[in-house]
Amino acid sequence: MPQDYPPGRGRVSLEAAGIPIEGVSIAGHESFYKLPTLRTLLEFGRAPEDVVGYSTVCVSHGHLDHAAGLAHYASRRRLAGLPTARVFVPAEAAPDASRWLEACERLERIDYDVEVVPASPGDRVPLRNDLALTVLPGRHRVPTVGYLFAEVRHKLRDDLVGKEGSEIAALRASGVEVTRTEELPLLAYPGDCSAEIFEACPELFRARVLLLECSFLFPEDRDRAREYAHIHLDDLVTRAARFENEAIVLTHFSQRYTAEEIRRSLETLPEPLRRKTTAFLPAA
Ligand SMILES: [Zn+2]
Ligand SMILES: [Zn+2]
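Quick caveat, the model's predicted, so the values are computed rather than measured.

Helix and strand counts for the protein stand at nine helices and 14 strands. For 284 residues, the compact-globule estimate of 2.2 N^0.38 gives 19 Å, and the protein sits close to it at 21 Å. In terms of its C-alpha atoms, the protein occupies a principal-axis envelope of roughly 70 × 55 × 35 Å. Here the protein holds 284 residues, and the buried ones make up 50% of them. Contacts spanning at least 24 positions in sequence make up 59% of the contacts within the protein whose residues lie at least 6 apart. Accessible surface, the protein: about 13,500 Å² in total, of which carbon and sulfur atoms supply 50%. Mean positive and mean negative side-chain charge positions of the protein (35 and 43 charges, respectively) differ by 1 Å.

Structure representation (structure tokens):
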């Protein structure tokens, strides 16, 4: 039987600091991440059956290992009679993504229920009353954005703490805002990126979970990482003290490495970075 994935690579299911992440990520081949508790699919290099039900999708850039599933997904949602889906795409790439879908609609003589939403850094989208999506800047060879998921907590205004419930209710009834919001960054994902991302997007260091590409690992691949605008393991080592994250999930490793080589390389990270870093690989 021909295999879809190189040995030791393929479907992954893990939990990082309480956040389940399931999918596949192999550089140049296929990336997608299901985030069920965040109600979002990140990327669809392909669109396997179990991602079709996600009605919010965040695509970081147009490289096909991240975006090739778009039309297939749209077509199958239509067949399944699913409601309108939103697919966030970097603003500069959105017109091409829309034209691609329109061409497929003509080929199939059907209309898809997929809205391509242009995403620019700083855009904010409420996903739920307690969950917000913020678009982050990206740094890659084609237009790219990242995504940050934050838990939104509605708290009583500090100056109202200790006041009578009836007084607060009266204020609320008169139209006064009695709560303030507090945001906890849950998961940050910058898409494919070069090391410049750390300066462009310091939010990465503070999210509870950082889902980060690390395409290249070996010393001889440093130039390749720079040339193709990808992260090299050294880029993490030189910034080791800055990662405040509870968990870092490294992903998008080049196909040139075996799963064993990837695990061994991550073992060389300095503490405490090593302890909180996981490779997005199938369980050994
Ligand atoms: Zn990629
Ligand atoms: Zn890419």
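The next thing to look at is the coordination of the zinc ion (ligand 2). Distances from the zinc ion (ligand 2) to its protein donors, His61 (NE2), His63 (ND1), His140 (NE2) and Asp192 (OD), fall within 2.2 to 2.3 Å. For the zinc ion (ligand 2), the four donor atoms in the first shell make angles of 89 to 167° at the metal, a pattern classed as irregular. Every donor residue of the zinc ion (ligand 2) comes from the same chain, spaced as H-x1-H-x76-H-x51-D. The distance between the zinc ion (ligand 2) and the zinc ion (ligand 1) comes to 3.5 Å, and Asp192 binds to both of them. You can see His61 sitting in the loop between strand E5 (56–58) and helix H1 (64–67) and its partner His140 sitting in the loop between strand E9 (131–137) and strand E10 (145–156), a full 79 residues away along the chain. Taking relative accessible area as the criterion, His61 reaches 1% and is therefore assigned buried. Accessibility expressed as a relative area gives 15% for His140, which makes it buried.

The tendency in soluble globular proteins is for nonpolar side chains to be buried side by side. Counting 31 residues, the largest nonpolar core has Leu250, Phe253 and Leu266 as the members making the most contacts within it. Secondary-structure elements contributing two or more residues to this core are helix H5 (197–200), strand E12 (209–213), helix H7 (233–237), strand E13 (247–251) and helix H8 (259–267). Discounting chain neighbours no more than four positions away, the residues touching Leu266 are Leu217, Leu233, Leu250, Phe253, Arg274, Thr277, Thr278 and Ala279. Residues Ile21, Leu35, Leu131 and Phe280 belong to the second largest nonpolar core, which totals 29 residues.

With that out of the way, let us pick up the coordination of the zinc ion (ligand 1). Protein coordination at the zinc ion (ligand 1): the donors are Asp65 (OD), His66 (NE2), Asp192 (OD) and His252 (NE2), at 2.1 to 2.3 Å from the metal. Taken in sequence order, the residues that donate to the zinc ion (ligand 1) follow the motif D-H-x125-D-x59-H.

Take the packing of helix H2 (residues 70–79) against helix H3 (residues 94–108) next. One way to put it is that H2 packs onto H3 with a least axis distance of 10 Å and a crossing angle of 50°. For the element pair H2 / H3, the angle class is oblique. As for the relative orientation of H2 and H3, their crossing is right-handed in sense. Each of Leu70, Ala71, Ala74 and Ser75 in H2 lies in contact with H3, whose residues at this interface are Ala97, Trp100, Leu101, Cys104 and Glu108. In the contact of H2 with H3, the residues fall into seven nonpolar, one polar and one charged.

Tallying each qualifying case throughout the model produces 25 salt bridges. Of the charged contacts, one joins Lys34 and Asp50 as a salt bridge, the two residues approaching to 2.6 Å between their closest N and O atoms. Placement of Lys34 in strand E3 (residues 30–35) and of Asp50 in the loop between strand E4 (40–42) and E5 is noted, with a sequence separation of 16 residues between them. Under the relative-accessibility criterion, Lys34 is labelled buried at 10%.

What counts, and at which threshold
- Residues numbered from 1 in each chain as written.
- Chains lettered and ligands numbered in written order.
- Predicted model: local features only at pLDDT ≥ 70, side-chain atom pairs only at ≥ 80, totals over all residues.
- Heavy atoms only, no water.
- Helix = DSSP H or I, 4+ residues; strand = E, 2+ residues; numbered from the N terminus.
- Rg over C-alpha atoms; globule rule 2.2 N^0.38 Å.
- Buried < 20%, exposed > 50% of the residue type's maximum accessible area, 1.4 Å probe, protein only.
- Contact = heavy atoms within 4.5 Å.
- Areas by Shrake-Rupley, 256 points an atom, 1.4 Å probe, with all protein chains shown as cover.
- Lys, Arg positive; Asp, Glu negative; His and termini not counted.
- Charge placed at Lys NZ, Arg CZ, Asp CG, Glu CD.
- Donors = N, O, S within 2.8 Å, 3.2 Å for Na, K, Ca; no water.
- Tetrahedral: all angles 85-135°; square planar, octahedral: opposite > 155°, others 65-115°.
- Core = buried A, V, L, I, M, F, W, Y, C linked by side-chain atoms within 4.5 Å.
- Axes fitted to C-alpha atoms, helices over the stretch in contact; angles between N-to-C directions.
- Parallel < 35°, antiparallel > 145°, perpendicular 65-115°, else oblique.
- Left-handed = near helix turned anticlockwise from the far one by under 90°.
- Nonpolar A, V, L, I, M, F, W, Y, C, P; charged D, E, K, R; others polar.
- Salt bridge = Lys/Arg side-chain N within 4 Å of Asp/Glu carboxyl O.

Function-wise, these values are silent; they only describe arrangement.
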